[in-house]
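Residues per chain, in single letters:
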Amino acid sequence: MNEVYRRWYTPHLSRDFEMLIFGHAGYPVIVFPTSMGRYYQNKDFGLLETVASLVDRGLVKLYTPDGIDGESWYNKGIHPADRVRTHMGYENVILQEVIPFALEETGHPKVALAGCSFGGYHAANMTFRYPGRVGALMSMSGAFDIKQFLDGFYDDNCYFNNPPDYLPNIGESEYLEQIRRVGIVLGAGDSDNCLEDNKRLASMLGAKGIPHWLDIRPGTHDWPLWRAMFPSYVHNLLRHEGILP
């Protein structure tokens, strides 16, 4: 796969930010790393290689932004309010810099968001918060409740970044209709420590009439399961978009 390294200064984090880009054309898929993973993690663990043929054919273009979980959710050295604010800075990098860049490069109107484990949280939370930007969500063994990182602290920023809390309270609106138009898959293994999280989130989506696919497969919370899921989900995305028959 054609690979490009990109580094730039972002005012949202007041420092440089790094990302890898794979491919020359196609539907833009942003793939988040797992807990405290870096921008090269999904490459190093072979996740991206599972769709190499689609990338080389110009059907998808992959973007793997850096993660900053060690500075935000996992940073016990700062107050929980600051953990959330740091995460929101990261969210702004993705929303205001990575997504517009991917859309401009590919000419597509929307992106797909994907991630494994805590990367599934990032993909899901951004999808539910900004559904107008997202055409598809591919979460693999996602963990969606961030209260475990807050040491009992809770405010509006925490609420609006915790899907299990805000999703049940979404009323009928254009915002909800936008979520209903996103192609959503929640993948998990039958021996996955995040299986119940995915069942719970799927139940919430169902209660709101949000179409989704809860895909439970044999396996545990690890890369072999995710390497099996990812190409299946990307192929489904391309068939849904009419890019593949």
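Before reading further, recall that the structure is shown in the block above.
The rules behind each value
- Residues numbered from 1 in each chain as written.
- Predicted model: local features only at pLDDT ≥ 70, side-chain atom pairs only at ≥ 80, totals over all residues.
- Heavy atoms only, no water.
- 1 Å grid on protein atoms, 1.4 Å probe; cavity = no way out; pocket = protein on both sides within 12 Å on 5 of 7 lines; lining within 4 Å.
- Points joined across faces, edges and corners; volume = space filled by probe spheres on them.
- Helix = DSSP H or I, 4+ residues; strand = E, 2+ residues; numbered from the N terminus.
- Nonpolar A, V, L, I, M, F, W, Y, C, P; charged D, E, K, R; others polar.
- Phe/Tyr/Trp six-rings, centres within 6.5 Å; stacked < 30°, edge-to-face > 60°.
- Buried < 20%, exposed > 50% of the residue type's maximum accessible area, 1.4 Å probe, protein only.
- Lys NZ or Arg CZ within 6 Å of the ring centre and 35° of its normal.
- Expected span 1.5 Å × (residues − 1).
- Pairing = 2+ DSSP bridges.
- Axes fitted to C-alpha atoms, helices over the stretch in contact; angles between N-to-C directions.
- Contact = heavy atoms within 4.5 Å.

Colleague: Even after reading the chapter, I still don't get the layout of surface pockets, so can you show me in this structure?
Modeller: A probe as big as a water molecule, rolled over the atoms, marks out the empty space that is left. Estimates place the volume of the largest pocket at around 210 Å³. Looking at the largest pocket, it is lined by 14 residues, and the ones nearest its centre are Gly 183, Ile 184, Val 185, Asn 236 and Leu 237. Among the secondary structure elements, those contributing two or more residues to the lining of the largest pocket are strand 6 (134–140), strand 7 (183–189) and helix 9 (223–240). Tallying contributions element by element places helix 9 first for the lining of the largest pocket, with 4 residues. Grouping the constituent residues of the lining of the largest pocket by class yields 10 nonpolar, 4 polar and no charged.

Colleague: Just checking my understanding: could you explain the packing of aromatic side chains for this structure?
Modeller: For any two aromatic rings, the description comes down to two numbers: the centre-to-centre distance and the angle of the planes. Within the structure shown, the criterion is met by 16 aromatic pairs. On the numbers, 5.0 Å between centres and 10° between planes, the contact of Phe 118 with Tyr 121 is stacked. Highlighted residues: Phe 118 and Tyr 121, both in helix 4 (residues 118–129), separated by 3 residues, approximately one helical turn. Here Phe 118 falls in the buried class, since its relative accessible area comes to 4%. Centroid distance Trp 213 to Tyr 233: 5.5 Å. Interplanar angle 80°. Geometry classified as edge-to-face. Taken together, the positions of Trp 213 in strand 8 (residues 213–217) and Tyr 233 in helix 9 put the pair 20 residues apart, joining distant regions of the chain. Trp 213 sits in the partly exposed class, given a relative accessible area of 35%. Feature note: the residues Trp 73, Tyr 74, Phe 118, Tyr 121 and Phe 149 constitute an aromatic cluster, connected by ring pairs. A cation over a ring is seen here: Arg 6 above Trp 8, with NZ or CZ 4.4 Å from the ring centre. Its end group placed over the ring of Phe 101, Arg 6 keeps NZ or CZ at 4.0 Å from the ring centre.

Colleague: Explain helix 9 to me, please; I cannot follow it from the model alone.
Modeller: For an α-helix, 3.6 residues make a turn, and residues three or four places apart therefore share a direction. Helix length check: helix 9, at 18 residues, gives a terminal C-alpha distance of 26 Å against a target of 26 Å (1.5 Å per residue), a fit within 8%. If you check which residues of helix 9 are buried, you get Trp 223, Leu 225, Trp 226, Met 229, Phe 230, Pro 231, Tyr 233, Val 234, Leu 237 and Leu 238. Of the residues trailing helix 9, Gly 242 is marked for its positive phi of about 75°.

Colleague: Honestly, the sheet that holds strand 8 in this entry has me stumped. Any pointers?
Modeller: The strands making up a sheet associate through backbone hydrogen bonding, with each pair oriented either parallel or antiparallel. The 8 strands are arranged 1-2-4-3-5-6-7-8 in an open sheet whose pairing can be described as mixed. Of all strands in the sheet, those with a lone pairing partner are strand 1 (3–10) and strand 8, marking the two edges. Geometrically, the sheet is characterised by an average inter-axis angle of 20° between neighbouring strands, direction not taken into account. Of the strand pairs in this sheet, strand 2 (residues 15–22) and strand 4 (residues 60–65) are connected by 4 bridges, and their pairing is antiparallel. Note on strand 4: the bridge partner recorded for Phe 22 is Leu 62. Helix 3 (residues 80–106) rests against strand 1, strand 2, strand 3 (27–32), strand 4 and strand 5 (111–116) of the sheet, and its axis sits at about 155° to strand 4.

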